[in-house]
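# An overview of the molecular structure
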Amino acid sequence: VKEAPGGSAQPLGDVLNRSENVLFLGPTGSGKTSFLRDAARLISLSQDGNVMIVDPDDELTGFGSAVHSSAGLARRATWHQEFGPAPDFLTTLIEEHLPR
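Residues numbered from 1 in each chain as written. Predicted model: local features only at pLDDT ≥ 70, side-chain atom pairs only at ≥ 80, totals over all residues. Heavy atoms only, no water.

### Section: the overall build of the protein chain
Put simply, the rule reads: A helix here means a DSSP run of H or I that spans at least four residues, while a strand means a run of E at least two residues long, and both kinds are numbered starting from the N terminus. We call a residue buried when its accessible area falls under 20% of the maximum for its residue type, exposed when it is over 50%, and partly exposed in between, using a 1.4 Å probe and counting protein chains only. Throughout, a residue-residue contact means that at least one pair of heavy atoms, one from each residue, lies within 4.5 Å. Using a 1.4 Å probe, accessible areas were evaluated by the Shrake-Rupley method; residue-level cover was limited to the displayed protein chains.
For the protein chain, the count of helices and strands is three helices and two strands. Secondary structure elements of the protein chain, listed N to C terminal, follow the sequence α-α-β-β-α. Expressed as a percentage of the 100 residues in the protein chain, the buried residues total 24%. Long-range contacts, defined as pairs at least 24 residues apart, comprise 50% of the intrachain contacts of the protein chain with a sequence gap of at least 6. With an accessible surface of roughly 7200 Å², the protein chain has 54% of that area assigned to carbon and sulfur atoms.

Written as structure tokens, this is what we have:
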């Protein structure tokens, strides 16, 4: 994790707490990754925060076994790039981590 400025998602907290899809677009270096990391942190720290980050490139949550602290309480799913995920990995991941 190169930079982990906190607070960038705070102004859009109301939008992030809705059960809707949100698309973030911007040029390289505009802060999309930092924003997503901070959004995951904010949502994971909320009362119903159930956040799973699928991060095959270790770009959002850092390298190694521990999730970078800038992601709050979000969990992470990653795999070795050379092998890719098992055939039903993403389906199982989604089913097992849906809010109950």
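### Topic: the layout of surface pockets
Note the following rule: In this analysis, the protein atoms alone were mapped onto a 1 Å grid. Cavities are point sets where a 1.4 Å probe fits without being able to get out; pockets are open sets with protein on both sides within 12 Å along at least five of seven lines; lining residues have an atom within 4 Å of a point. Grid points are joined across faces, edges and corners, and a volume is the space filled by probe spheres set on the points. Each residue gets one of three labels, nonpolar for Ala, Val, Leu, Ile, Met, Phe, Trp, Tyr, Cys and Pro, charged for Asp, Glu, Lys and Arg, and polar for the others, Gly among them.
Its volume calculated, the largest pocket comes out at about 830 Å³. Along the walls of the largest pocket sit 22 residues, with Leu16, Glu20, Ile43, Asn50 and Val51 positioned nearest its centre. Among the secondary structure elements, those contributing two or more residues to the lining of the largest pocket are helix H1 (13-16), helix H2 (32-44) and strand S1 (52-54). For the lining of the largest pocket, the element with the most residues is H2, which contributes four residues. Its residues assigned to classes, the lining of the largest pocket shows 13 nonpolar, six polar and three charged.

### Re H2
For the record, the criterion: By definition here, a helix of n residues has an expected span of 1.5 Å times n minus one.
Over its 13 residues, H2 runs 18 Å from end to end, which matches the ideal 18 Å to within 8%, given 1.5 Å per residue. Considered for burial, the residues of H2 that qualify are Ser34, Phe35, Arg37, Asp38, Ala39, Ala40 and Ser44. On its buried face, H2 sits against H1 and S1.

### Quick notes on the packing of aromatic side chains
Condition: For Phe, Tyr and Trp, where Trp contributes only its six-membered ring, two rings pair if their centres lie within 6.5 Å, and the inter-plane angle classes them as stacked under 30 degrees, edge-to-face over 60, or tilted in between.
Applying the stated criterion across every chain, the model contains one aromatic pair. Aromatic side chains Phe24 and Phe35 sit 4.4 Å apart centroid to centroid with 50° between the ring planes, which places their arrangement in the tilted category. Placement of the pair is Phe24 in the loop between H1 and H2 and Phe35 in helix H2, with a sequence separation of 11 residues. A residue is classified by how much of its surface remains accessible, and Phe24, at 27% relative accessible area, is partly exposed. Exposure remark for Phe35: the relative accessible area of 10% places this residue in the buried category.

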